[in-house]
Amino acid sequence: MCVASSAFAGGYRVALQGQKALGMGHTGVAMTDSSEVVFFNPAGMVFLENEMDITGGVTFIDSVAKYQNQDTNTSAETDNPIGTPINFYLSKKYDEKISYGVGIYTPYGNSVEWPTDWAGSHLVNNIELKAIYIQPTISYKFNDKYSIGFGPTYVVGGVEFNRNLSTALVDENGDRSNVNIKATGVDAWGYNIGFMAKPSEKYSIGISYRSQVDMQARGEEADFRNIPASLQSTFPDTTFDADLILPAELTIGIAYNLSTETVLAFDINRTYWGAYKSLDVYFNNGAGLSSNPRNYKDVNIYRIGIQHQLNEKTVLRGGAYFDESPIQDGYFAPETPRNDSKGLTAGASYSLSQTLELDFSFLYLMFSEFNGSYDYYDQSGTTISFAGDYKSRVLAVGFGLNYKY
Amino acid sequence: MMNINQMIKLTGVVTACVIISACSADFDSPVGDKASSSGSADFSNFVAIGDSLTAGYADAALYLSGQENSFPAVLAAQFAKAGGGSFTQPLVSDNLGGMLIGGTPTLDNRLVLDAETESPAPIAGTPTTEAIGSGLNGTAFNNMGVPGAKSFHAGAAGYGNPAGLPAAANPYFVRFAKDQATSSMIGDAAAQAPSFYVMWIGNNDVLSYATSGGVVDAVCKPISAPSACDPNAITDPTEFAGVYASLTGAFTTTNPAVQGMLVNIPDVSTIPYFTTVPYNPVPLDQATADTLNAAYLDYNNAVAAILGATDPDQVARRTITFTAGQNALVIMDETLDDLTGIDPALLSMRQATAEDLILLPASAYIGTEDPNSAGTTPPLDKPWGVGTPLADSDVLIPSEISAIDTARAAFNATIEAAADADPNLIFFDAAAIMTELNANGIDYGTGFIDATYATGGAFSLDGVHPTARGYAVIANEMIDVINAGFGASILKVDPGTKTTIFFK
C-alpha cells in the first residue's frame with residue numbers, strides 16, 4: 001500500500017480523506033451521503049441510506065515549494081515525489097439503530113525533498129512521514145434526530161528524515177556530514193468520536209473529535225553519513241528515540257439542504273497543533289539530544305462546500321477553504337515549508353449503475369509569497385537564523401469509487 | 001449564493017489554472033532573474049594581484065578548491081554577469097595542496113583537523129603540484145596572487161626564477177611566471193592592461209614578522225638595503241609607500257583609464273593565530289603551584305636582589321608566582337634587562353599578561369615537554385610555559401605588537417591615500433571586516449561565521465587565512481563597496497554553500 005503523501009495545509013496535516021468531501025472544500029462532518037462519514041463523523045453512519053456503503057479512493061498530490069534569499073541570491077526548489085494518500089471506508093447496517101464499519105485513511109503525512117546540501121540543509125535535506133489510521137467504528141442512533149459514533153484508531157507509521165549535521169561539517173574531501181533517521185512500524189492508539197443531530201429535514205449538524213496520537217519511535221535507526229574518520233567514534237551509526245505528535249482535531253459543521261438537489265455545507269476544524277512544541281531527537285551517541293523548537297499554535301480551518309444533483313447520474317461539487325498555518329513567526333522550518341493557504345476545490349460524481357458511483361475531486365491550494373525564518377538553530381552555542389522567501393503550490397486530483405446497496 | 005453556473009465557472013478557472021500553469025509557485029521577483037550591471041565600472045578584463053589571500057590559500061596550503069573559491073574567483077564569477085570577461089587562475093594539480101620543487105616534496109599538504117587529537121595535521125597523500133615545469137609558464141593569469149609575497153616582491157623581476165629558490169624566488173610564482181627569468185608579478189599583471197584590478201598586498205610586510213613571533217629586528221629597508229633585511233622583518237613604511245606607488249602606477253601606465261580597488265591590511269590581533277591561545281591557560285592545583293613557586297624562588301630572589309633598588313617595576317613584572325586555578329604562562333621577553341651575564345639561570349623571563357599574544361602553534365606544546373616550533377625540547381619535568389619559558393618566537397610582546405601596529409597604520413594610510421588620490425580607485429577596509437569577525441561575527445543571512453579558531457567558520461586551520469566561506473563573506477563585502485563606488489549592481493553569493501574547515 002502506497003501512502004506517501006505530501007503535506008500541505010499547516011504543518012503535516014493532509015486533509016484529503018474523501019473524494020466527495022474534497023470536492024466540497026473537504027467539508028463533511030454534517031454530511032451523510034457516503035461512508036466517508038466514517039472519517040468525518042462516525043455518528044453519521046447510521047443515517048446512511050443504504051444497507052452497505054463502501055468508498056475507496058486515491059488522491060494524487062503534486063506539491064512544490066520554492067525558497068530564495070535576496071541577500072545571498074540563493075534559491076532552491078523542492079523535488080517532491082507525487083503523493084498518493086488513500087482512503088477506504090465501509091459502513092454496514094446492523095439494525096435500524098446501529099451501524100458498524102471500518103475506515104483506513106492517512107490524515108498526516110509529509111514528503112519534502114530539497115536539493116541535497118541546499119542552503120537550509122542543516123535544517124532538512126528531505127523528510128518523508130507516513131501514518132495510516134485504521135479505525136473500526138460503531139454508530140448508534142438514539143432516534144431519528146440524534147446519533148453518536150465512536151471508533152478506536154490504530155495508527156501505524158514511519159518517518160525518514162535527513163539533514164546535514166551542521167552548517168559546516170565536512171570530511172576531508174569536503175563532503176557534508178549528515179544524519180539520516182528512519183523509523184518504521186511505529187504504532188499507537190487514538191480514537192474518533194462524533195455526534196450528529198438532524199433537527200429538521202432541512203439541515204444537520206455534526207461534531208467530531210479525533211484524538212491526539214503520540215507516535216513514539218524507540219531504538220530506531222540513525223545512520224551518520226560522511227562522518228570524518230576522526231569523528232567516527234563520536235558519531236557512530238546508532239539508534240534514536242523521538243516522539244512525533246499527530247494532533248487532535250475538533251470539527252463542527254452544518255449541512256443545509258437548499259433544495260432537494262442542492263446541499264450547502266460549512267465546517268470549522270480546530271487542530272490542536274499547540275501540543276507540538278519541539279522536534280526532539282535523542283541520539284544514542286555523541287550527538288546526544290537534538291532539540292528543535294517548533295512551538296506550533298492551535299489553528300482553525302474554515303471550509304465551505306456546495307453539492308448539486310445535476311441530473312440522475314451526475315452530481316457536481318465545489319468548495320473553498322481557508323487554512324491557517326500553525327507555525328509562528330521565527331519558527332518557519334523548511335521541512336514544512338508552507339504558510340496560510342486558500343484552497344479551491346471542485347468535484348463530481350457519476351453513477352455508473354444503481355450501485356456504483358465514480359467520484360472525482362480536484363484541489364488547488366494557493367499560497368502567497370512570504371518571508372519566513374527559523375531563528376532557533378544552535379550553531380556551537382550561537383543561535384543562528386535561516387531566513388528567506390518561500391512560495392508553495394499544491395495541486396491534487398482524486399479518484400474514487402462508491403459502492404452501495 | 002453560488003448557483004450552478006458559477007460552480008461551472010469555478011471549475012473552469014481551476015482547470016484552466018492547471019492547463020496554462022498560471023498558478024505556479026514562482027516568486028514575483030525570482031533572484032535568478034535579478035539583473036547585474038557594472039555601473040561605471042568596466043570588468044571586461046579583471047586582474048587581482050596580491051599574496052596568499054588573493055591566491056585563495058587556506059589551511060596552510062594552496063589547493064584546488066581553495067583556489068576555486070578565492071575571493072577574486074568569486075568576484076569574477078559575479079562580474080561575468082555584468083560584462084566581466086574570463087578569469088584564469090594558475091590552478092594547482094590537486095586538492096592536497098602540497099608542492100614538489102624539482103620533484104622533491106617541499107611544501108606540506110593542507111591541514112585537516114583530527115578530532116581525536118583535537119589538532120590539525122596535513123592531510124595524507126602525495127602532492128602532484130610541481131613548481132618547476134608546471135606547464136603554466138608563458139601565459140598570463142588573471143589571478144596574480146602569490147602566497148608569501150610582500151609588497152616589494154610584487155615588483156621584483158626574477159621572483160619566479162627557479163634559480164633564485166629558495167631565498168630570492170617564490171615557488172608559487174615559479175609555477176606561473178610568464179617568463180621565469182624576467183617576470184615580476186606586477187609586470188605580468190599590468191601587461192594584461194586590465195580594465196579593473198584588485199590589489200591586496202602588504203599583509204606579509206607585517207605578518208611574517210608577527211607569525212614568527214617578532215624575533216628579528218623590527219624594521220628593514222628591502223629596497224635600499226636588501227642584504228640587511230631578514231625575510232621576517234617588517235617593511236620600512238617609507239619604502240612600502242614607494243613600492244605601492246610603483247605598483248598602482250604600473251597599472252595606470254598600461255591602461256590610463258584603469259579602475260580598481262585597493263585593500264588594506266588587517267590587524268593581527270583580530271585573527272585566530274594570535275587570539276586563540278590565552279595568556280593564562282595553565283590550570284594548577286595548590287600542590288603543583290607550591291612546587292613551581294619553590295622552583296622559581298631562587299630566580300625571584302635574585303632578580304629582586306639585582307634590580308630591587310633600580311627598577312622595582314621590572315622586579316614586579318619578573319616575579320613568577322603560581323596559584324591554584326588558571327595561571328599565566330612563563331615567557332621570554334627580550335626587552336627585560338639581560339641578567340644572564342650575572343647568572344646564566346637568570347633568563348629574561350616573566351609571566352605573560354593580557355597584553356601579550358601567544359601564537360597558535362604554541363598550543364601544541366604548552367604544558368608538555370614536546371619539541372617546540374624551533375625543535376627545541378625543554379629540560380625534563382619543566383614543561384613549556386610553566387617550568388620553561390615559551391620562546392620569543394612563541395609570543396608577541398607589547399613592544400612587538402606596537403612595531404606591527406605602527407607599520408600597519410602607516411601602510412594602511414598609504415593604501416587609503418592611494419585610493420583617495422585616484423578617482424578611478426576605491427578603497428576596501430578589510431581590516432574592519434576582520435575586526436567585525438573577531439568582535440561580533442558576521443551574519444550573512446543564511447548563517448553566521450566568526451573568528452573563533454576551528455569552530456567559527458571564518459578562518460581555516462592555519463589560523464591566518466579565511467575558509468572558502470570566509471573568503472565568500474569578504475567577497476560579498478567587496479561587492480557592496482564596488483556597487484557603491486561604481487554605481488554597479490553586482491550580485492552577492494551565498495557563503496553558506498562554501499566549505500569551512502575539513503576534518504580528518
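Predicted model only: the values in this text are computed from it and were never measured. (Residues numbered from 1 in each chain as written. Chains lettered and ligands numbered in written order. Predicted model: local features only at pLDDT ≥ 70, side-chain atom pairs only at ≥ 80, totals over all residues. Heavy atoms only, no water.)

A. Examining the overall build of chain A more closely. Summing up its helical and strand segments, chain A has two helices and 20 strands in all. Relative to the 2.2 N^0.38 estimate, which gives 22 Å for 405 residues, the radius of gyration of chain A is 22 Å and therefore close to what a compact globule would have. If one aligns the C-alpha atoms of chain A with their principal axes, the spans along those axes are about 70 × 40 × 35 Å. Out of the 405 residues in chain A, the part that is buried amounts to 61%. Expressed as a percentage of contacts within chain A between residues at least 6 apart in sequence, the contacts between residues at least 24 apart total 69%. Of the roughly 14,600 Å² that chain A leaves accessible, carbon and sulfur atoms contribute 54%. Between the centroid of the 29 positive side chains of chain A and the centroid of its 45 negative side chains there is a distance of 8 Å. (Helix = DSSP H or I, 4+ residues; strand = E, 2+ residues; numbered from the N terminus. Rg over C-alpha atoms; globule rule 2.2 N^0.38 Å. Buried < 20%, exposed > 50% of the residue type's maximum accessible area, 1.4 Å probe, protein only. Contact = heavy atoms within 4.5 Å. Areas by Shrake-Rupley, 256 points an atom, 1.4 Å probe, with all protein chains shown as cover. Lys, Arg positive; Asp, Glu negative; His and termini not counted. Charge placed at Lys NZ, Arg CZ, Asp CG, Glu CD.)

B. Seen up close, the sheet that holds strand β2 (residues 99–101) of chain B. Residues and elements named next belong to chain B. With mixed pairing, three strands are arranged side by side in an open sheet as β3-β2-β6. The sheet is open, and its two borders are formed by β3 (104–107) and β6 (129–130), each paired with just one other strand. In this sheet, β3 lies alongside β2 in antiparallel orientation, the contact comprising three bridges. Its bridge partner being in β3, Leu 100 is matched across the sheet by Pro 105. (Pairing = 2+ DSSP bridges.)

C. How the structure looks around unusual backbone geometry. Residue and element names in this part refer to chain B. Going from Leu 165 to Pro 166, the amide bond is cis rather than trans, its omega being 0 degrees. Residue placement: Pro 166 occurs in the loop between α5 (151–154) and α6 (171–176). Positive phi, normally seen in glycine, also occurs at Ala 454, with a value near 70 degrees.

D. Highlighting the interface of chain A and chain B. Taken residue by residue, the interface counts 55 residues in chain A and 46 residues in chain B. Here chain A packs against chain B, burying approximately 3,900 Å² in sum over the two surfaces, 61% of which is carbon and sulfur. Taken as a group, Asn 73, Glu 172 and Ser 230 of chain A account for 17% of the area that chain A buries against chain B, more than any other trio of residues on that side. Summed over the shared surface of chain A and chain B, the number is one salt bridge. In this structure, Lys 66 of chain A engages Asp 26 of chain B in a salt bridge whose closest nitrogen and oxygen atoms are separated by 2.3 Å. The interface formed by chain A and chain B contains 18 residue pairs in polar contact (both at pLDDT 80 or more). Of all the secondary-structure elements, those providing two or more residues to the side of chain A that touches chain B are β1 (52–69), β2 (74–77), β15 (299–309), β16 (314–323), β17 (341–351), β18 (356–367) and β20 (382–404) of chain A. Per-element tally for the side of chain A that touches chain B: the top contributor is β20 of chain A, with eleven residues. Looking at side-chain class alone, the side of chain A that touches chain B contains 23 nonpolar, 22 polar and ten charged residues. (Buried area = accessible area lost by both parts, 1.4 Å probe. Salt bridge = Lys/Arg side-chain N within 4 Å of Asp/Glu carboxyl O. Polar contact = N/O pair within 3.5 Å; in protein donor to acceptor, adjacent residues only side chain to side chain. Nonpolar A, V, L, I, M, F, W, Y, C, P; charged D, E, K, R; others polar.)

E. Seen up close, the packing of helix α4 (residues 71–79) of chain B against helix α15 (residues 468–486) of chain B. All names here are of chain B. Where α4 contacts α15, the axes come no closer than 9 Å and their chain directions differ by 50 degrees. Taken together, the axis directions place α4 and α15 in an arrangement best described as oblique. For the pair α4 and α15, the crossing hand works out as right-handed. Note on element contacts: α15 touches α4 through Tyr 471, Ala 475, Met 478, Ile 479 and Ile 482, opposite Phe 71, Val 74, Leu 75, Gln 78 and Phe 79. (Axes fitted to C-alpha atoms, helices over the stretch in contact; angles between N-to-C directions. Parallel < 35°, antiparallel > 145°, perpendicular 65-115°, else oblique. Left-handed = near helix turned anticlockwise from the far one by under 90°.)

F. Representation of the domain arrangement of chain B. Residue and element names in this part refer to chain B. If you check the domain split of chain B, you get domain 1 (46–274 + 399–497) and domain 2 (282–397). Once you take the C-alpha centre of each, domain 1 and domain 2 turn out to be 36 Å apart. Facing 18 residues of domain 1, the contacting portion of domain 2 comprises 13 residues. Here domain 1 meets domain 2 over a buried area of about 1,100 Å², counting both sides, of which 65% is carbon and sulfur. Remark: the boundary between domain 1 and domain 2 carries zero salt bridges. Put simply, the parts of the chain that give the side of domain 1 that touches domain 2 at least two residues each are α8 (203–211), α10 (272–275) and α13 (398–421). Ranked by the residues each element gives to the side of domain 1 that touches domain 2, the list is headed by α13, at four residues. Considering only residue class, the side of domain 1 that touches domain 2 consists of nine nonpolar, seven polar and two charged. (Domains from an automatic or database assignment.)

G. Highlighting the sheet that holds strand β1 (residues 46–50) of chain B. Residue and element names in this part refer to chain B. Taken together, the five strands give an open sheet; going across it, the order is β7-β1-β8-β11-β18, and neighbouring strands pair in parallel fashion. Lying at the two open borders of the sheet, with one neighbouring strand each, are β7 (143–145) and β18 (425–428). Across the sheet, the mean angle separating the axes of adjacent strands is 15 degrees when strand polarity is ignored. Pairing of strand β11 (residues 259–263) with β18, which is carried by four bridges, proceeds in the parallel orientation.

H. A look at the packing of aromatic side chains. All names here are of chain B. Applying the stated criterion to the full structure yields 53 aromatic pairs over all chains. Ring centres of Phe 43 and Phe 196 lie 5.0 Å apart, and the angle between their planes is 70 degrees; this geometry places the pair in the edge-to-face category. You can see Phe 43 sitting in the loop between α1 (4–20) and β1 and its partner Phe 196 sitting in strand β8 (residues 196–200), a full 153 residues away along the chain. Like Phe 196, Phe 43 is buried. (Phe/Tyr/Trp six-rings, centres within 6.5 Å; stacked < 30°, edge-to-face > 60°.)

I. Summary view of the pattern of salt bridges. Applying the stated criterion across every chain, the model contains 19 salt bridges over all chains. If you follow the salt bridges from partner to partner, you end up with Lys 20, Glu 357, Asp 359 and Lys 404 of chain A in one network.

J. Molecular detail of the environment of Ile 479 of chain B. Residue and element names in this part refer to chain B. Secondary-structure assignment places Ile 479 in helix α15. Between the C-alpha atoms of Ile 479 and Ser 489, which are ten residues apart in sequence, the distance is 8.4 Å. Among all residues touching Ile 479, those that are not within four sequence positions of it are Leu 75, Gln 78, Ile 490, Leu 491 and Lys 492.

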